[in-house]
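Spelled out from the first residue to the last, the chains are:
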Amino acid sequence: MVDLKEAVADLVDNGDTVALEGFTHLIPFAAAHEIIRQEKRDLALVRMTPDLVYDQMIGMGTASKLIFSWGGNPGVGSLHRFRDAVENGWPAPLEIDEHSHAGMANRYVAGASNLPFAVLRGYVGTDLPEVTSTIKSIECPFTGEELMAVPALRPEVAIIHAQQADRRGNVAIWGITGIQKEAALSARRVIVTVEEVVEEFEPRPFQIVLPSVAIDAVAVEPEGARPSYADGYYDRDNVFYEAWDPIGRDRERFAAWMERHVLGVENFSEHLRSIEGTMG
Amino acid sequence: MTQIARDNYTTDEMMTVAASHELRDGVVCFVGIGLPSEAANLARATHAPNCFLIYESGTLGAKPDVLPLSIGDGVLAEHADSVVSVPEVFNYWLQAGRVDVGFLGAAQIDRFGNINTTVVGSYDSPKVRLPGAGGAPEIAASAREVVVVLRQKPRAFVEKLAFVTSVGYGRGGESRRRLGYQGAGPAAIITDLGILRPDPETKEFTLVSLHPGATVEEGKEATGWDLKVARELETTAPPTEKELEILRDLQARTEASRRRAESS
C-alpha cells in the first residue's frame, strides 16, 4: 500500500509504454491525473477504448504514441484533443498503432502468456493491415490456413482501478472487468488504485481477484474512477461526459480547465471538489 | 438528426422498428451501441423475448431495462446471464461461430455493404478522424449474418469509402467468399427511408422496400451511388401502436434514468 504520488513517481518513467485500462467501467482517472501532474513525457499510451482520460493526457502532451482500437466519447461524439493531435499535430504529433478490439485483446493475452504474438481470424480484406505495421498474415503450420498475427503487448506499466484490496494487497474487481486482468498480467509493473481496503472480500457474481504477487503498488483512491463508474460505489457521470465535449473542443478552454482542475490541485479528491457543480 | 413525421411516428422510429424485425426470436445477437442496440432491445421487448444479446464489453445474455449509452454500462451487466472478459467474448463467442447475427452501425457504407469507421480523407492526414474499428471488423467477419442500421444520407452512403474498416461483400460477387470468412455477410441495411438487401449475384445493395411516405427519389438523392431499385418494390409495414408504445417507453425510461443520474 503506497501513496499514488509515490507509485507514479517510482514506477512510471518518461518514454514508457503505459496501459491504463477500463472498459467504460473503472477507468483509472486518479492515476492518469497524477501522471499529468508529474509531467511525464513521451509515453506510448495503450488502451482499447481511449476516452476522456486519454483525451486529457494527449492534450497535455503526455503521449507521443497511441496504441488503440476505438477512440471516442461514448454516447457523445469525438475526442477533440485526440483528433487535434492526429489531424493537426497539436500539441505534438501523435503516432498511432491502430487495431480492432479483437486484435488488441489478443495482443494483451499474448503478452500475459509470454508469447511473441497472437493469432486470430479477422482483418483480412480490410485496409487496417495496410496502415498498421503490427498486423501480418501467417500460415498455420498444421493446416496451411492463412490467419492474422499481431505482436504481444508488453507494457512497462499497467494501471487499473478496482473496487477493493485486502490487507495483503490482493485486489477484487467485479461487474464488467473488460481487459484489466490481461493488461495487468502483460505488464512489467502494475499499479492498482482501489475504492477501499477491506478485511475480507465478499463472494460476488463474476468477481475476479488479482493476487498481490501480480501487483507492484496498491493505492487507495476513493472515487478514483470518476467520472466513469465503480459498480457498487457510484454511477457513471453522464453529464460530465457531455460537458466535456465543448471543453475538449477548444484548445484554450481545455488548457484553462486542465490548469485549474488538474495541474492546480494536489490530488484527485481535491480535483473532485474543484469541479463540483461546474460540469453541467 | 432530421426526423420527418410520417403520420404518428418519426422516420427514426420507423427505422428502429424495421431493424427490430430483422432479429428473429431465439437467436444469438452481437450488438453494437446506439441505433443497433435500440433496435435489438425493442425486438427483445416485442417479438423476440428469447434472443440472447451479447455486448463486446463481455456481457452475455444482457437484459438492459434502459438503453446503454456506452458499451460497458452497468445496466448491461446487471441482469446478464454471464459476464466474461473481452478476449473471451471475441475468441470463444464471436470467432468460435456462436453468434447468429451482428447488429452494427456505421459512419459510411458503400454499395457492397463495406463499412468505414476510421477516417474521412487520407489516413495520414485525415479530414476527419473517426473513432476507429472497435469490435466491428470481427463482427462483420464472423457473425453468421450482419444487419446494418444507419440513416440514409449522401455523406454516409458513398460511392467510394476512404477506408475499409469492416468488410461487407468486398468488391461484390464472390469476393467476400474468397476471403474465407465464416459469416455470410450483411443481410440488410435498414435506414430511415427503407430497406436495402444484397443482389444474390452481384451482392450490390438494392432498395427492396420503402418505408411508408418515403419515395424512390428521396432514396436516390440520399445515396452517393446510383441506387438500384427492386422491380417489385415493397412498402414496409408501419410500426404498430404496440411497437411505438414499447419503443417510446424504453426511450422515456432511458431518459428518466439519465436525469436521475444527473440529479443525484
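The structure we're discussing is the one just above.
So, a few notes on the structure that sits alongside this text. (Residues numbered from 1 in each chain as written. Chains lettered and ligands numbered in written order. Predicted model: local features only at pLDDT ≥ 70, side-chain atom pairs only at ≥ 80, totals over all residues.)

### Describing the overall build of chain B
Item 1. Scanning chain B for helices and strands turns up 8 helices and 14 strands.
Item 2. Against the 2.2 N^0.38 benchmark of 18 Å for 264 residues, chain B shows a C-alpha radius of gyration of 18 Å, consistent with a compact globule.
Item 3. The C-alpha extent of chain B, read off along each of the three principal axes, is 50 × 45 × 40 Å.
Item 4. The buried share of chain B, reckoned over its 264 residues, is 54%.
Item 5. Across chain B, every contact between residues at least 6 apart in sequence was considered, and the portion connecting residues at least 24 apart equals 66%. (Helix = DSSP H or I, 4+ residues; strand = E, 2+ residues; numbered from the N terminus. Rg over C-alpha atoms; globule rule 2.2 N^0.38 Å. Buried ≥ 20, exposed ≤ 12 C-beta atoms within 10 Å, placed from the backbone. Contact = placed C-beta atoms within 7 Å.)

### Here we look at the sheet that holds strand β14 (residues 228–235) of chain B
Residues and elements named next belong to chain B.
Item 1. Reading across the sheet, the 10 strands line up as β4-β3-β2-β1-β5-β10-β11-β12-β13-β14 and stay open at both edges, with mixed pairing between neighbours. Edge strands, defined here as strands with exactly one partner in the open sheet, are β4 (82–83) and β14.
Item 2. By the bridge criterion, 4 bridges tie strand β10 (residues 145–149) to strand β11 (residues 186–190) in an arrangement that is parallel. Residue Val148 lies in a different strand from β11, and its bridge partner there is Ile189. (Pairing = 2+ DSSP bridges.)

### Comments concerning the pairing of strand β8 (residues 157–166) of chain A
All names here are of chain A.
Item 1. Most of β8 sits inside the fold, with 9 of its 10 residues counted as buried.
Item 2. Relative to β8, strand β1 (residues 17–20) runs parallel, the two sharing 3 bridges. The residue bridging Ala19 from the neighbouring strand is Ala158, located in β8.
Item 3. Where β8 lies against strand β10 (residues 189–198), 9 bridges are found, and the strand directions are parallel. Opposite His161, over in β10, you have Thr193 as the bridge partner.
Item 4. Pairing of β8 with strand β9 (residues 171–173) involves 2 bridges; the strand directions are antiparallel. The partner of Gln164 across the bridge, within β9, is Ala172.
Item 5. Between the antiparallel neighbours β8 and β9 lie 4 residues, among them Gly169 with a positive phi of about 90 degrees.

### As for the environment of Val46 of chain A
All names here are of chain A.
Item 1. Inspection of the secondary structure puts Val46 in strand β2 (residues 43–47).
Item 2. Once the C-alpha coordinates of Val46 and Glu21 are considered, the two residues, 25 residues apart in sequence, prove to be 8.0 Å apart.
Item 3. Setting aside chain neighbours within four positions, we find Val46 in contact with Thr17, Val18, Ala19, Ile67, Leu153 and Pro155.

### As for the nonpolar core
Item 1. Core analysis: the largest hydrophobic core is formed by 162 residues, its most contacted members being Met57 and Val171 of chain A together with Cys29 and Val149 of chain B.
Item 2. Per-element tally for this core: the top contributor is helix α5 (residues 101–112) of chain A, with 7 residues.
Item 3. When residues of this core are assigned to domains, at least three fall in each of domain 1 (4–98 + 154–275) and domain 2 (117–151) of chain A.
Item 4. In contact with Met57 of chain A, other than residues within four places in its own chain, are Ala32, Ile35, Ile36, Leu45, Thr62 and Ala63 of chain A. (Core = buried A, V, L, I, M, F, W, Y, C linked by C-beta atoms within 7 Å. Domains from an automatic or database assignment.)

### Things to note about unusual backbone geometry
Residue and element names in this part refer to chain A.
Item 1. Look at the link from Trp90 to Pro91: it is a cis peptide, with omega at 0 degrees.
Item 2. Take Pro91: it is sitting in the loop between α4 (80–88) and β4 (95–98).
Item 3. Omega for the bond connecting Arg226 with Pro227 falls within 30 degrees of zero, at 10 degrees, which places this linkage in the cis form.
Item 4. Looking at the element boundaries, Pro227 is found in the loop between β12 (217–220) and α8 (238–249).
Item 5. Despite not being glycine, Asn114 shows a phi value in the positive range, around 55 degrees.
Item 6. Examined against the element boundaries, Asn114 turns out to sit in the loop between α5 and β5 (117–120).
Item 7. Although it is not a glycine, Tyr123 adopts a positive phi angle of roughly 70 degrees.
Item 8. Tracing the chain through its elements places Tyr123 in the loop between β5 and α6 (128–131).

### Points about the sheet that holds strand β7 (residues 146–151) of chain A
Adjacent strands of a sheet form backbone hydrogen bonds with each other and so pair up, either parallel or antiparallel.
All names here are of chain A.
Item 1. Across the sheet, which stays open at both edges, the 3 strands sit in the order β5-β7-β6 with antiparallel pairing between neighbours. Lying at the two open borders of the sheet, with one neighbouring strand each, are β5 and β6 (136–139). For this sheet, the mean inter-axis angle between neighbouring strands, taken without regard to orientation, is 45 degrees.
Item 2. Two strands pair when backbone bridges link them, and β6 and β7 are joined in this way by 4 bridges, in the antiparallel orientation. Bridge pairing links Lys136 to Ala149 in β7. (Axes fitted to C-alpha atoms, helices over the stretch in contact; angles between N-to-C directions.)

### Overview of the pairing of β2 of chain A
Residue and element names in this part refer to chain A.
Item 1. Among the 5 residues that make up β2, 4 are buried, leaving the element largely enclosed by the rest of the structure.
Item 2. As defined by bridge partners, β1 adjoins β2 across 3 bridges and the pair is classed as parallel. Pairing of Thr17 across the sheet is with Ala44, part of β2.
Item 3. Handedness of the crossover joining β1 and β2 through helix α2 (residues 29–37): right-handed.
Item 4. Where the polypeptide runs from β2 across helix α3 (residues 52–59) and back to strand β3 (residues 63–68), its parallel neighbour, the crossover connection is right-handed. (Right-handed = clockwise from strand over helix to strand, strands pointing away.)

### Looking at helix α1 (residues 11–20) of chain B
Item 1. Extensive coverage of α1 of chain B is indicated by the burial of 9 of its 10 residues.
Item 2. When α1 of chain B is considered as a whole, its buried residues turn out to be Thr11, Glu13, Met14, Met15, Thr16, Val17, Ala18, Ala19 and Ser20 of chain B.

### Examining the interface of chain A and chain B
Size of an interface, as often reported, equals the accessible area lost when the parts are brought together.
Item 1. Across the boundary between the two partners, chain A contributes 45 residues, which contact 40 residues of chain B.
Item 2. Of all elements in the fold, only α4, α5, α6, α7 (180–186) and α8 of chain A reach the threshold of two or more residues within the side of chain A that touches chain B.
Item 3. Examining the composition of the side of chain A that touches chain B, we find that 5 residues originate from one element, α5 of chain A, more than from any other.

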